[in-house]
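Descriptive structure summary
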Amino acid sequence: PTTKRPFTAGMIERAMRDTLHYAVVPNKSSKQQALDVINKLKEHMEIERAQMEVLITLPGKTAKAVVKDKVHPLVAKTVQENYGSSHYTATCYIDPGQYRNLEQVITEETRGQGTIEIINFAVMNENESIL
């Protein structure tokens, strides 16, 4: 989480084997097993979902009220914010689970005039690169 780089598959396998002593059950669904393992790994490792970087654009008339009341609670971090005379733009980090909620709020409050664009699916530190 501090470097925002993903854990390697080998690190996860080693933690499953050595720390959790977890064995795969063939007749249980893989999705359910993955959810169980992730919850158990959270107790031993600092695991969290990678945040998404999005660009939010709202029309100027309703922007201030919508942003303050509805958008800010769904955003993890605001990187850049610009209140213009005709519109509001912001670059933000959000948890992937909040994307649909944020899109719904923007669509309902602006009557389809506001937009949300995904800039990056997984945010990493600027000096890090994909290996």
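The sections below set out a description of the structure shown in this document. (Residues numbered from 1 in each chain as written. Predicted model: local features only at pLDDT ≥ 70, side-chain atom pairs only at ≥ 80, totals over all residues. Heavy atoms only, no water.)

Observations concerning the packing of aromatic side chains
Evaluated as defined, the whole model comprises 1 aromatic pair. Consider the rings of Tyr-83 and Tyr-88, whose centres lie 4.7 Å apart with planes at 45°: the pair is tilted. (Phe/Tyr/Trp six-rings, centres within 6.5 Å; stacked < 30°, edge-to-face > 60°.)

Observations concerning the side chain of Glu-53
Along the chain, Glu-53 turns up in strand E1 (residues 52–59). Given a relative accessible area of 17%, Glu-53 falls into the buried group. Other than its neighbours up to four places away in sequence, Glu-53 contacts Thr-91, Cys-92, Tyr-93, Glu-117, Ile-118, Ile-119, Asn-120 and Val-123. (Helix = DSSP H or I, 4+ residues; strand = E, 2+ residues; numbered from the N terminus. Buried < 20%, exposed > 50% of the residue type's maximum accessible area, 1.4 Å probe, protein only. Contact = heavy atoms within 4.5 Å.)

A look at the pattern of salt bridges
Following the criterion strictly, the structure yields 3 salt bridges and no others. The salt bridge involving Asp-18 is made with Arg-17; its shortest N-O contact spans 3.5 Å. For Glu-109, the salt bridge goes to Lys-70, with nearest N and O atoms at 3.0 Å. Of the two residues, Glu-109 sits in helix H4 (residues 99–110) while Lys-70 sits in helix H3 (residues 63–71), which places them 39 residues apart along the sequence. Since its relative accessible area comes to 30%, Glu-109 is described here as partly exposed. Judged by its relative accessible area of 38%, Lys-70 is partly exposed. (Salt bridge = Lys/Arg side-chain N within 4 Å of Asp/Glu carboxyl O.)

A few points about the environment of Pro-59
One can find Pro-59 in strand E1. The spatial distance from the C-alpha of Pro-59 to the C-alpha of Tyr-93 is 20 Å, given a sequence separation of 34 residues. Setting aside its immediate chain neighbours within four residues, Pro-59 contacts Ser-86, His-87, Thr-110, Gln-113 and Gly-114.

Some remarks on the pairing of strand E2 (residues 77–83)
Two strands pair when backbone bridges link them, and E2 and strand E3 (residues 87–94) are joined in this way by 6 bridges, in the antiparallel orientation. Across the sheet, the residue bridging to Tyr-83 is Tyr-88, located in E3. (Pairing = 2+ DSSP bridges.)

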